[in-house]
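These are the residues of each chain, in order.
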Amino acid sequence: MIKSLQDTTTLHNGVKMPMFGLGVWQVEDGSTVIHSVKSAIKAGYRAIDTAAAYKNETGVGQAIKESGIPREELFITTKVWNSDQGYESTLAAFDASMEKLGLDYIDLYLIHWPTKGKYKDTWRAIEKLYKDGKAKAIGVCNFHQHHLEDLLADAEIVPMVNQIELHPLLTQKELIDYCRQKDIKVEAYSPLGSGKVLDHPDIARIAEIHGKSVAQVILRWDLQNGIIVIPKSTKESRIIENSDVFDFELSDEEMKRIDQCNKNERVGADPDNFNF
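In this numbering scheme, every chain counts its residues from 1 along its sequence in written order. Side-chain atom pairs in this predicted model are given and counted only at pLDDT of 80 or more, local residue features only at pLDDT of at least 70, and totals for whole chains, interfaces and linings cover all residues. Values shown for side chains rest on all heavy atoms present in the structure; no hydrogens or waters enter the calculation.

(A) Here's a closer look at the overall build of the protein chain. Numbering of helices and strands starts at the N terminus; helices are DSSP runs of H or I of at least 4 residues and strands are runs of E of at least 2. In terms of helices and strands, the protein chain carries 10 helices and 10 strands. The C-alpha radius of gyration computed for the protein chain amounts to 18 Å, which stays within 12% of the reference 19 Å derived for 276 residues, consistent with globular compactness. Counting only C-alpha atoms, the protein chain reaches 55 × 40 × 35 Å along its principal axes. Only protein chains enter the accessibility calculation, which uses a 1.4 Å probe; a residue is then buried when its area is under 20% of its type maximum, exposed when over 50%, and partly exposed in between. In the protein chain, which comprises 276 residues, the share counted as buried stands at 54%. Whether two residues are in contact is decided by their heavy atoms, any of which lying within 4.5 Å being enough. Here the analysis covers contacts within the protein chain between residues at least 6 apart in sequence; of these, 75% occur between residues at least 24 apart. Only the protein chains shown count as covering a residue, and every accessible area follows the Shrake-Rupley method with a 1.4 Å probe. As displayed, the protein chain has an accessible area near 12,000 Å², and 46% of this comes from carbon and sulfur atoms. We treat Lys and Arg as the positive residues and Asp and Glu as the negative residues; His and chain ends play no part in the count. A single reference atom marks each charge: NZ on Lys, CZ on Arg, CG on Asp, CD on Glu. Within the protein chain, the 42 negative side-chain charges are centred at a point lying 1 Å from the centre of the 33 positive side-chain charges. Here the radius of gyration uses the C-alpha set of atoms, whereas the globule reference equals 2.2 Å times the residue count to the power 0.38.

(B) Representation of the pairing of strand β9 (residues 185-189). Across the 5 residues that make up β9, a large majority, 4, are buried. Here strand β8 (residues 161-165) runs beside β9; their pairing, made up of 5 bridges, is parallel. Its bridge partner lying in β9, Gln163 is registered against Glu187. Look down the strands so they point away from you; if the path from the first strand over the helix to the second goes clockwise, the crossover is right-handed. For the handedness criterion, the β-α-β arrangement of β8, helix α6 (residues 173-181) and β9 is classed as right-handed. Two strands make a pair as long as DSSP finds a minimum of two bridges between them.

The values reported here are purely geometric and, on their own, carry no functional implication.
Right under this line is the structure:
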């Protein structure tokens, strides 16, 4: 049972990863992202998820420095972008990210999208970063089952995490089951469906029963499903509210009702059909 913001799940290499963190996609670099990250850390968050493509690694690094929290207590994720994929270019992209973040290691380094013809070479580079101790854990984002099967045919190391779009309109149950079989932890991005799920009547009724917001109910549903979650916000009050999900529990019936909202509906790109 997840009881606090600092609670962790253990990845298959023994690394402990917080179940709840802050995502900073579309958060402007500079004062905006610095304020968001510092607010989250002050509120008890210990995991921050950024990416080279978000163009805010510099601000995230600044906020980490200014937070006053020892580096080893924080869990920082970043990702290699599609145009940097390939063996040598991934190693160079990693160094560029480290420089921007001002860190000498990363807790979790991810392939951002399964770029055709490139992600296997990218993974070889990421395995090297892991073996060299520069990344404490490694994984992928947006990988369907067939991408994972293809990667695993040649990989030395099974990804520790698969970060995917996941929310009540896109529950991805089969992919979650496959990842569990392979001991790959699932992490949800866009857990609130970029706001699309916030007016769902069924979830609103459950929220009313618990005296919670729809967002809090959805985040609780993720945690009870064993899903790592990284909601994004730039407002301190919302960052705190999002994390106020440890004082109630959804019943099996309520969990089922949220599962039944699924429409296989994405708010982001399909990993089989993206052109960036």
